[in-house]
Amino acid sequence: MNSHVGIVPFFKRGDIGGLTYLVTNNIVNYLIVIATLSGVLKWPDKVVFGYVIPGMSIGLFLGCCYYAWMGYRISKKDQRPDVTALPSGVSTTAMFVMLYGVIMPLSYAVEDPMVAWSAAMAACFLGGAIEFIGGIVGPWMKKRIPRAALLGTVAGIGFIWMATEGVFDIFDDPILGLPVMLVAMLGVFGVYAFPKKIPPLVVAIVGGIVYAFCLGRTHVDFSDIGFYIPNPVNSIQYMIDGFAVIVPYLAVIIPVEIYNFIETMDNVEGANAAGDEYSVRQAQFADGIFTMVSACFGGVVPNTVWLGHVSLKRTGAGIGYSIIAGIILLLAGVLGLFTVLSDIIPKAVVAITFLWCAVDMLSQAFRVVDKKYYAAIGVAMVPSVADFLYTQVTGAAGLADLWTEKVASGINDFAPDVCQALSDAGCMWNGVAAVKAGAIVIGILLGTMVAFIIDRRLDKVAIVAFVGAVLSFIGIIHSAAITINITNQWGIGYLITGVVCLILHFGRNSWCKPDEDMLEYVDDKSGEE
């Protein structure tokens, strides 16, 4: 019997790793939401545990089941048992932006948790609608944006947000984290296997939990368990009222949701590169619909297809992990189990999965893209670094009561004297605030321009530059607010760049031709294995 022909089973050994990845990393995100809303903003428990958490869980449950069904359809159509469901969950980057760019300033401004919650739901619902629209334009964008630009943005986000957090959390608790990391690396990087082919990653995570318990790093607390079934009638009424409150925050909401549907597109593209041909449009429609459903039940952060499909596929995950993870998250949300689960799984153990998936996505970008486009990948990764630096520096400066504000150039930045002080102190800050504003879109623009330059299509580079100018002039990128601003200096820069590219393009057959010797060398090098 040919083991490579057939339909993917409901559950197989590789699903254990996928289940661990999906559940533990979603728990981390839920803990951040709970800590921010309950601990920092002092939202009442009836909102946080009665609506926000179960609402998010309902959306995730629907998404997990739908993506498992999509995987089953592909398996049945292609008669392949090795199909892996798309991993999905709370969008980590969008979650941070929603929490700290929308919900927190809203809460401080209105000084009423119920009003802030209503606006947060409205923002989440609007985000789902934008994600849904992304299902219409996403496939069109996929055909016209080079793969190097798409996968480069994913690699940048994974490396700067996930890999760094993974390594730092491991070294924050080295007695627990380092041994667990070693065992996990045996499997995910060294391709070792324990007796009966038990994956070292599973041994690392399960053994890490037991080891953490022996060290006293974990404990069990059942005090918050109860039934938290949200009433959508109440939440929808609050959400309708919230639409009037979110207008000043559209400049944050719309760009982050554009990022979110691009993130879904990027991650589905990564799954396609790994051999599972998922529909980008269906995935984006699903993310949008389930985010809107989540908002109707009280959720405040969007769903998305996650990074990591390629890693899960390598370890043999199928579709069962997605369904079971969805059920666990649903029950955890409506029964108040998230705090119990979070007490059992320490951060140093969760960090292993962050590091694993981030590094695998980084390597995938360079593995599936033609060598000549490596420069495009590298350039596309950079804006995510600006996003990370901005978050870290502004968070630290806030402890000294130094805050960003909308400056004359139209971006959110520190006052000139603070910027100068940061520069004088050796802090890499100049330009960070400008690139942070719309980082994911900027990364795709830059990566696309480099790819087209490599293809010697300066006419296409000009088009991309003009698109960047339009996005700048209307405030999607390089701006603190969505507004028409034809004096935006970055928009003018893109405009000039586009004109220069057209001039160079028109001279391509006379005075602006590639060096033939270098051209032959580059082509030969890109063709080498």
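For clarity, every value in this text was computed on a predicted model and none was experimentally measured.

S.K.: Describe the overall build of the chain, with residues and values.
M.R.: Within the chain one finds 21 helices and four strands. Taking 529 residues into account, the globule formula puts the C-alpha radius of gyration at 24 Å, and the chain, at 23 Å, falls close to it. Principal-axis analysis of the C-alpha atoms gives the chain an extent of 75 × 65 × 45 Å. Counting contacts in the chain only where the partners sit at least 6 residues apart, residues at least 24 apart contribute 81% of the total. Accessible surface for the chain amounts to roughly 22,600 Å². Of this, 68% is attributable to carbon and sulfur atoms.

S.K.: Provide a residue-level description of helix H7 (residues 200-215), including the pertinent values.
M.R.: The end-to-end C-alpha distance of H7, which contains 16 residues, comes to 21 Å, matching closely the 22 Å that a straight helix rising 1.5 Å per residue would cover. Taken together, the buried positions of H7 are occupied by Pro200, Leu201, Val202, Ala204, Ile205, Gly208 and Ala212. Looking at the buried residues of H7, the elements they touch are helix H1 (15-40), helix H6 (174-188) and helix H14 (347-368). Immediately beyond the C-terminal end of H7, within one or two residues, lies glycine 216, with a positive phi of roughly 80°.

S.K.: Before we move on, could you go through the side chain of serine 294 and cite the residues and values that matter?
M.R.: Here serine 294 is to be found in helix H10 (residues 280-296). If near-sequence neighbours (up to four positions away) are discounted, serine 294 is found in contact with Gly55, Met56, Gly59 and Gly299.

S.K.: I'd love a proper account of the environment of alanine 434, names of residues and values included.
M.R.: Its place among the elements puts alanine 434 in helix H17 (residues 432-436). On the accessibility criterion, alanine 434 (5% relative accessible area) is buried. In contact with alanine 434, not counting residues within four places along its chain, are Ile411, Ile442, His478 and Trp490.

S.K.: Give me the lowdown on the packing of aromatic side chains, citing residues and values where you can.
M.R.: All told, the structure shown has twelve aromatic pairs when counted by the stated rule. An angle of 65° between the planes, with centres 5.9 Å apart, marks the rings of tyrosine 66 and phenylalanine 290 as edge-to-face. Taken as a pair, tyrosine 66 in helix H2 (residues 45-78) and phenylalanine 290 in helix H10 lie far apart in primary sequence, 224 residues in all. Measuring from centroid to centroid gives 5.6 Å for tyrosine 390 and tryptophan 429, while their planes differ by 20°, and the two rings are stacked. Of this pair, tyrosine 390 sits in helix H15 (residues 374-398) while tryptophan 429 sits in the loop between helix H16 (416-424) and H17, and the two are 39 residues apart along the sequence. By the burial criterion, tyrosine 390 is buried, and tryptophan 429 matches it. What links up through ring pairs into an aromatic cluster is the set Tyr66, Tyr67, Trp69 and Phe290.

S.K.: Now, about the pattern of salt bridges: what can you tell me, with residues and values included?
M.R.: Inspection of the entire model under this criterion finds seven salt bridges. Aspartate 459 is paired through a salt bridge with arginine 457; the nearest N and O atoms lie 2.7 Å apart. Residue classification places aspartate 459 among the buried positions, given a relative accessible area of 18%. Residue class for arginine 457 comes out partly exposed when judged on its relative accessible area of 33%. Here the residues in one salt-bridge network are Asp78, Arg80, Asp82, Asp276 and Lys313, joined through shared partners.

S.K.: Break down unusual backbone geometry for me, with residues and values.
M.R.: We note that aspartate 401 has phi near 60°; this positive angle belongs to a residue other than glycine. Looking at the secondary structure, you find aspartate 401 in the loop between H15 and strand E3 (405-406). In this structure aspartate 401 comes out as exposed when scored by relative accessible area, which is 58%. One non-glycine residue, histidine 478, lies in the positive phi region at around 55°. If you trace the backbone, histidine 478 turns up in the loop between helix H19 (458-473) and helix H20 (489-506).

S.K.: Describe the nonpolar core, listing the residues and the values that go with them.
M.R.: One finds Leu37, Trp43, Val52, Ile53, Trp117 and Tyr278 to be the most contacted residues of the largest nonpolar core, which totals 129 residues. In terms of residues, this core owes the most to one element, H2, which gives 13 residues. By size, the runner-up hydrophobic cluster in this structure holds 13 residues, among which are Tyr390, Leu422, Trp429 and Ala434.

S.K.: Account for the packing of helix H5 (residues 147-172) against H14, with residues named and values stated.
M.R.: Geometry of a packed helix pair, given as the angle between the helix axes and the separation of the axes. Contact pair H5 / H14: the axes reach a minimum separation of 7 Å and the direction vectors enclose 155°. Here H14 runs roughly antiparallel to H5, going by the angle between their axes. The two elements H5 and H14 meet at a crossing, and its hand is left-handed. Each residue belonging to the contact of H5 with H14 can be placed in one class, and the counts come to 19 nonpolar, two polar and four charged.

S.K.: Mind laying out the environment of valine 191, listing which residues take part and the relevant values?
M.R.: Looking at the secondary structure, you find valine 191 in the loop between H6 and H7. Along the primary structure valine 191 and threonine 315 are separated by 124 residues, whereas in three dimensions their C-alpha atoms are 9.4 Å apart.

S.K.: With reference to specific residues and values, describe the confidence of the model for the chain.
M.R.: Per-residue confidence for the chain averages 84 on the pLDDT scale, and 93% of its residues sit at or above 70. Within the chain, the lowest mean pLDDT, 58, falls on helix H21 (residues 516-527), and the highest, 96, falls on H20.

S.K.: Account for the side chain of serine 384, naming residues and giving values.
M.R.: Within the secondary structure, serine 384 sits in helix H15. Dropping the residues within four chain positions of it, serine 384 is found in contact with Thr153, Gly156, Ile157, Ile160 and Trp161.

S.K.: Any chance you could break down the state of the cysteines for me, citing the residues and the numbers?
M.R.: Inspection of the entire model under this criterion finds zero disulfides. With no disulfide of its own, cysteine 124 has cysteine 296 as its nearest cysteine by sulfur position, at a separation of 9.2 Å. Among the residues examined, cysteine 124 registers a relative accessible area of 0% and is labelled buried.

S.K.: Could you give an account of a nonpolar patch on the surface, with specific residues and numbers?
M.R.: Residues Val470, Ile474, Ile484 and Ile486 make up a contiguous nonpolar surface patch of about 400 Å² in total accessible area. One can find isoleucine 486 in the loop between H19 and H20. The exposure class assigned to isoleucine 486 is exposed, which follows from its relative accessible area of 64%.

Calculation rules
- Residues numbered from 1 in each chain as written.
- Predicted model: local features only at pLDDT ≥ 70, side-chain atom pairs only at ≥ 80, totals over all residues.
- Heavy atoms only, no water.
- Helix = DSSP H or I, 4+ residues; strand = E, 2+ residues; numbered from the N terminus.
- Rg over C-alpha atoms; globule rule 2.2 N^0.38 Å.
- Contact = heavy atoms within 4.5 Å.
- Areas by Shrake-Rupley, 256 points an atom, 1.4 Å probe, with all protein chains shown as cover.
- Expected span 1.5 Å × (residues − 1).
- Buried < 20%, exposed > 50% of the residue type's maximum accessible area, 1.4 Å probe, protein only.
- Phe/Tyr/Trp six-rings, centres within 6.5 Å; stacked < 30°, edge-to-face > 60°.
- Salt bridge = Lys/Arg side-chain N within 4 Å of Asp/Glu carboxyl O.
- Core = buried A, V, L, I, M, F, W, Y, C linked by side-chain atoms within 4.5 Å.
- Axes fitted to C-alpha atoms, helices over the stretch in contact; angles between N-to-C directions.
- Parallel < 35°, antiparallel > 145°, perpendicular 65-115°, else oblique.
- Left-handed = near helix turned anticlockwise from the far one by under 90°.
- Nonpolar A, V, L, I, M, F, W, Y, C, P; charged D, E, K, R; others polar.
- pLDDT = per-residue confidence, 0-100.
- Disulfide = S-S within 2.5 Å.
- Patch = residues over 30% accessible without salt bridge, like charges linked within 9 Å, V, L, I, M, F, W, Y side chains within 5 Å.

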